[in-house]
Amino acid sequence: MASLSQSLVFQTLNQSSRDSGPMASNTRSLQAKEDSLEPFHFHIYSTKHNTHITCSKPNREPIISLSCGNIGFRKSRRGTFDSAYSLTKYVLERLIHTGWPMKISRLEVVLRGFGQGREAALKVLMSPEGKVLRDKIVRVADSTRIKFGGTRSEKPRRL
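Keep in mind it's a predicted model, so treat the numbers as computed, not measured. (Residues numbered from 1 in each chain as written. Predicted model: local features only at pLDDT ≥ 70, side-chain atom pairs only at ≥ 80, totals over all residues. Heavy atoms only, no water.)

K.L.:
I'd like a description of the pattern of salt bridges, backed by residues and values.
P.N.:
Tallied over the entire structure, the rule returns five salt bridges. A salt bridge links Glu61 to Lys57, with the shortest nitrogen-to-oxygen separation between them at 3.2 Å. Taking relative accessible area as the criterion, Lys57 reaches 24% and is therefore assigned partly exposed. Lys89 serves as the salt-bridge partner of Glu129, at 3.8 Å between the closest nitrogen and oxygen. Separated by 40 residues along the polypeptide, Glu129 in the loop between α5 (116-126) and α6 (131-134) and Lys89 in helix α3 (residues 81-97) bring together distant segments of the chain. (Salt bridge = Lys/Arg side-chain N within 4 Å of Asp/Glu carboxyl O. Buried < 20%, exposed > 50% of the residue type's maximum accessible area, 1.4 Å probe, protein only. Helix = DSSP H or I, 4+ residues; strand = E, 2+ residues; numbered from the N terminus.)

K.L.:
Lay out the pairing of strand β4 (residues 107-112) in plain terms, naming residues and giving numbers.
P.N.:
Burial of β4 is extensive: five of the six residues sit out of reach of the surface. Relative to β4, strand β1 (residues 40-46) runs parallel, the two being bridged by six bridges. Pairing of His41 across the sheet is with Glu108, part of β4. Strand direction decides the pairing type here: β4 and strand β5 (residues 137-142), joined by five bridges, are parallel. Looking at β5, one finds that Val109 is bridged to Val140. (Pairing = 2+ DSSP bridges.)

K.L.:
Tell me what's going on with the pairing of β1, and back it up with residues and numbers.
P.N.:
Counting buried positions along β1 yields five of seven residues, so the element is predominantly enclosed. The sheet contact formed by β1 and strand β2 (residues 51-56) spans six bridges and is antiparallel. Pairing of Ile44 across the sheet is with Ile53, part of β2. Counting the residues that bridge the hairpin from β1 to β2 gives four residues.

Okay, structure coming up:
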């Protein structure tokens, strides 16, 4: 067992000494530079009553920001799965129409909230409509607000 681990250690040391040529350090610096680049952001904010989608540049400047009300859904229809699905498709069409997918190299999807729009937006990104941006996604993050303790709850109702 000890000889096996030592041989693996020596193999990795020998391999790293072979890779330490001028080309290896150049590729490492390129990869480190690419990792330090901030990705574009695709924010999906889904509540019980509405869904908001914002696509922003790496410096957090918005490219497009829409909600279900902006595309014609009114009142209680804004909180449905279908409205969020249509909203995400519309946002992707607008991005493609203005040529943004060619400029986007890395994309981070940020989810917030637990509405029906969360699943709808992810379903669009996984469907053929989202193929343009799907390959560029480097991270999926969840920024849902969580209460720690919170305010005092209401007293129980007595009947």
